[in-house]
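What follows is the residue order along each chain.
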Amino acid sequence: MDLKSGYPFWAVKNGLMKAFPPLTSDIRCDVLIVGGGITAALIAQELADDGQAVVVIEQRDIGWGSSAASTALLQYEIDTHMTELAARYGEDNAVLAYRACADAIPRLQELATMVRDVDFAAMHSLYFASSLFHAGRLKAEYELRLCHGFAVRRLARGEIREQYGFSSAMAIFSDLAGRIDPYRFTYRLLMQLQKRGVSIFDRTRLASFASSSRGVVARTADGMTIKAGHLVLAAGYAAQQYLDTRVARNRSSYAFITDPIDAAALGPLANTMVWESARPYLYMRSTGDGRLLIGGEDNDIDIALRRDASVDRKAGILRKRVARLFPHLPLQPAFAWAGTFAETDDGLPFFGPHPQHGPRVQFAMAYGGNGITFSAAGAGLIARLIRRDQHPLAALFSFDRLKQKKHQHQHQHQHQHQEFLDENLSLRRLRCAGVFRERALPELQRGAGLRARRARYLHPAAGRSRAMDQRRSAAQRPAVPAVQERDRSPDLQLGGRR
Ligand SMILES: Cc1cc2nc3c(=O)[nH]c(=O)nc-3n(C[C@H](O)[C@H](O)[C@H](O)COP(=O)(O)OP(=O)(O)OC[C@H]3O[C@@H](n4cnc5c(N)ncnc54)[C@H](O)[C@@H]3O)c2cc1C
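Residues numbered from 1 in each chain as written. Predicted model: local features only at pLDDT ≥ 70, side-chain atom pairs only at ≥ 80, totals over all residues.

Student: I tried to follow the overall build of the protein chain on my own but got confused; where do I start?
Tutor: A count of helical and extended segments in the protein chain gives 14 helices and 18 strands. Taking all 498 residues of the protein chain together, the buried fraction comes to 49%. By sequence separation, contacts in the protein chain at least 24 residues apart represent 76% of the contacts at least 6 residues apart. (Helix = DSSP H or I, 4+ residues; strand = E, 2+ residues; numbered from the N terminus. Buried ≥ 20, exposed ≤ 12 C-beta atoms within 10 Å, placed from the backbone. Contact = placed C-beta atoms within 7 Å.)

Spelled out as structure tokens, the structure:
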């Protein structure tokens, strides 16, 4: 699977930072990690800290998958609002997911400080309402987050105009966010782990594996055998090929970066990332050398050639959209690219074992818009699962949540919510519950009703075509792990320096 088109800025800026050797003999280890992206690096770090003998294999070069294409906004704010997660899985779980991502940012900062020189910076985040209709939803979101102790401020139209110079009905301003060079960070972390004894092999592809109650035997495409106590599949979007049932939809996301912009012109964008409530959303953030990195315009394209062909056009659309907000900025794209991006139904990742492969095989699927914060949160979870310890995120990030049907979530939530109101005497908690009931739920219900009516009006045969799509995609999916060639050339076809 080609994971990106054009010239991802990070790969151009840093080049190939180091060639690790390919695996040329049979080996044994405690944990084999498949994948050489940011998720694998973060998991390897946790496991090495636990004293495990770790082997990492990557089919291409380290960091050359989606991690090289990532725009790397580090946010605790999940693409799915806390209010929506609360409606689906209960308020406690929603807060748990947000809290885990919030804790991931200082963790990433700590690691960035340790490996040094990876363009990490703490930032603010401005999440603005794309339309007046979204303002109510954002208000409910703001109040629920505030209630649970997240450092957020609500900005009204006048304040947004005064501080940022564009118009929106309302915005949520958060203190906690960050940015990083994801490619450089992956390399530097893995290089440091190699010095600590982690064995890293690139140009080594997992061809097959068999798991039993005692461990895993993996075979590489070059015929080497790796015997491991545990296998972690941190293979990014390719990891889905190891499952018979589909757990996420692959999408394409587009980005471009400008040349360095004068600090005075960049103004508050130098330390504030900006994104919006529409889906797919437009987002932007600065880099350490004063460039503006802009992304969005996601679509359902999962075919590399079609994605390649869209890079320039999408960069043009993104540029126009940002120019409407910040007409004074020089927004000529210096590099433009696109990457594969997967979305789960609820915006949460999957970390943990799947019944299809048993407890010795852990999946690390950091899917969703803030995949990197999910990776940092999930890395600790995977390490604990391997140690057979409990972890508060184990259930929420597990595949078990696929079993629950949507109406069950709603029913369960309403029941839990009533129980909670009846039993909980804490004033603060009651205020949160009140906020949720009075603002978030009606907003969600109104939104769901409108969406359903609009969908019925626009696509009367939508149900039928979705079923056809599902059948078609099931037929296209390979029954066995697909063979992927090590080939950099298709990733670097279009876009690039203008
Ligand atoms: C355009 C774009 C913008 C994004 N923006 C953000 C953002 O702003 N913030 C954020 O948090 N996240 C963002 N993401 C998501 C984030 O980049 C991903 O969640 C993250 O990079 C995933 O890292 P990974 O290590 O799981 O996957 P990858 O980086 O794809 O690494 C997986 C690796 O596994 C290897 N592999 C696969 N199969 C095998 C095999 N059989 N044998 C050996 N190796 C194998 C692949 O070659 C690949 O290198 C963005 C993604 C894209 C594409």
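Student: Just to check I follow, could you spell out the site of the ligand for this structure?
Tutor: What surrounds the ligand is a group of 38 residues, the closest being Gly37, Gly65, Gly236, Gly339 and Gly371. Those elements that provide at least two residues to the shell around the ligand are α2 (38-49), α3 (66-69), β12 (249-258), β16 (333-343) and α11 (371-386). Here the residues of the shell around the ligand sort into 17 nonpolar, 18 polar and three charged. (Near = placed C-beta within 6 Å. Nonpolar A, V, L, I, M, F, W, Y, C, P; charged D, E, K, R; others polar.)

Student: Which parts of the structure should I look at to understand α2?
Tutor: Each turn of an α-helix holds 3.6 residues, which means side chains three or four residues apart point in the same direction. Taking 1.5 Å per residue as the helical rise, α2 with its 12 residues ought to reach 16 Å, and the 17 Å between its terminal C-alpha atoms agrees with that figure. Those residues of α2 lying buried are Ile38, Thr39, Ala40, Ala41, Leu42, Ile43, Ala44, Gln45, Glu46 and Leu47. (Expected span 1.5 Å × (residues − 1).)

Student: Looking at this structure, I do not really get the packing of helix α4 (residues 82-89) against helix α6 (residues 132-147). What am I missing?
Tutor: Geometry of a packed helix pair, given as the angle between the helix axes and the separation of the axes. Interaxial distance between α4 and α6 falls to 8 Å at its minimum, and their mutual angle equals 75°. By the angle between their axes, α4 is roughly perpendicular relative to α6. On α6, the residues that touch Met82, Thr83 and Ala86 of α4 are Ala140, Glu141, Leu144 and Arg145. Split into classes, the residues belonging to the contact of α4 with α6 amount to four nonpolar, one polar and two charged. (Axes fitted to C-alpha atoms, helices over the stretch in contact; angles between N-to-C directions. Parallel < 35°, antiparallel > 145°, perpendicular 65-115°, else oblique.)

Student: Sorry, what's going on with the nonpolar core here?
Tutor: The tendency in soluble globular proteins is for nonpolar side chains to be buried as a group. Of all hydrophobic cores here, the largest spans 143 residues; its most connected members are Ile33, Ile43, Ala44 and Leu233. Take this core: its biggest share by element is 13 residues, from helix α5 (residues 91-115). Beyond its immediate sequence surroundings of up to four residues, alanine 44 is in contact with Ile33, Val54, Val56, Leu190, Leu193 and Val198. (Core = buried A, V, L, I, M, F, W, Y, C linked by C-beta atoms within 7 Å.)

Student: Teacher, can you tell me more about the environment of glycine 358 here?
Tutor: Structurally, glycine 358 is set in the loop between β17 (350-353) and β18 (361-365). For glycine 358, a count of 12 C-beta atoms within 10 Å gives the class exposed. For the pair glycine 358 and serine 213, spaced 145 residues apart in sequence, the C-alpha to C-alpha distance is 7.7 Å. The contact partners of glycine 358, leaving out residues within four places of it in the chain, are Ser211 and Pro353.

Student: What exactly am I supposed to notice about the environment of alanine 129 here?
Tutor: Inspection of the secondary structure puts alanine 129 in the loop between β5 (121-128) and α6. What makes alanine 129 buried here is the crowd of 22 C-beta atoms within 10 Å.

Student: Would you explain the pairing of strand β11 (residues 225-233) in this entry?
Tutor: Here is the key point about a regular strand: its side chains alternate between the two faces of the sheet. Pairing analysis gives seven bridges linking strand β2 (residues 27-34) to β11, with the strands arranged parallel. Bridge pairing in β11 places valine 34 opposite leucine 233. When strand β10 (residues 216-220) meets β11, the two strands line up antiparallel, connected through four bridges. Opposite valine 216, over in β11, you have alanine 228 as the bridge partner. (Pairing = 2+ DSSP bridges.)

Student: Which parts of the structure should I look at to understand the confidence of the model for the protein chain?
Tutor: Interpretation of this model should avoid reading the predicted coordinates in detail wherever pLDDT is low. Summary statistics for the protein chain give a mean pLDDT of 86 and a share of 80% for residues scoring 70 or more. Below pLDDT 50 for its whole length, residues 417-427 participates in six contacts with residues either more than four positions away or in separate chains. A low-confidence stretch, residues 456-498 (pLDDT under 50), is modelled with 41 contacts involving residues beyond four sequence positions or located in other chains. (pLDDT = per-residue confidence, 0-100.)

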